[in-house]
Amino acid sequence: MTAPFLSLAQIHNRLILTARWILRDHRPGPDGRCPVCRTADCPVAAAARDMLRVAREVHLWSTATQPAAPDRDEPQQAG
Ligand SMILES: [Zn+2]
């Protein structure tokens, strides 16, 4: 079981790791076909590539917009 609460960085890392595993499994063979899906245009690999791209963009985005002041104007309410 995974921990119930993950930090955004942990989720980000898991997304990238999972996408890489998927891409490795669904890498096209010499004939250009995915060995798992047996199609030339594997939708799973395409989705994994999209996931990796988005994960990188989000990572760049979040590092570029680090909040300068930690005390944001957010209400701290219990519940
Ligand atoms: Zn595939």
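The rules behind these values
Residues numbered from 1 in each chain as written. Predicted model: local features only at pLDDT ≥ 70, side-chain atom pairs only at ≥ 80, totals over all residues. Helix = DSSP H or I, 4+ residues; strand = E, 2+ residues; numbered from the N terminus. Contact = placed C-beta atoms within 7 Å. Buried ≥ 20, exposed ≤ 12 C-beta atoms within 10 Å, placed from the backbone.

What should I look at first to understand the overall build of the protein in this one?
Looking only at helices and strands, the protein features two helices and zero strands. Considering only contacts in the protein between residues 6 or more positions apart, those separated by 24 or more positions represent 41%.

Explain the environment of Asp50 here, please?
You can see Asp50 is positioned in helix H2 (residues 43-64). The exposure class assigned to Asp50 is exposed, which follows from the 11 C-beta atoms found within 10 Å. Spatially, the C-alpha atoms of Asp50 and Ala19 are 8.9 Å apart, while their sequence positions differ by 31 residues.

Looking at this structure, I do not really get the environment of Cys42. What am I missing?
Tracing the backbone shows Cys42 in the loop between helix H1 (8-25) and H2. The sequence separation of Cys42 and Gly32 amounts to ten residues, and the corresponding C-alpha distance is 9.7 Å. Sequence-distant contacts of Cys42, defined by excluding residues within four places in its chain, comprise His26, Pro28, Cys34 and Cys37.

What is the right way to look at the environment of Val44 in this model?
Following the sequence through the fold, Val44 ends up in helix H2. Under the C-beta neighbour-count criterion, Val44 is labelled partly exposed, with 15 such atoms within 10 Å. Taking the C-alpha atoms as reference points, Val44 and Ile22, separated by 22 residues in sequence, lie 7.5 Å from one another. Those residues within four positions of Val44 in sequence are excluded, and the remaining contacts are Ile22, His26 and Cys37.

Would you mind going over unusual backbone geometry with me for this structure?
Trans is the common state for peptide bonds, and a negative phi is the common state for residues other than glycine. Phi is positive for Arg38, which is not a glycine, with a value near 60°. Relative to the elements of secondary structure, Arg38 occurs in the loop between H1 and H2.

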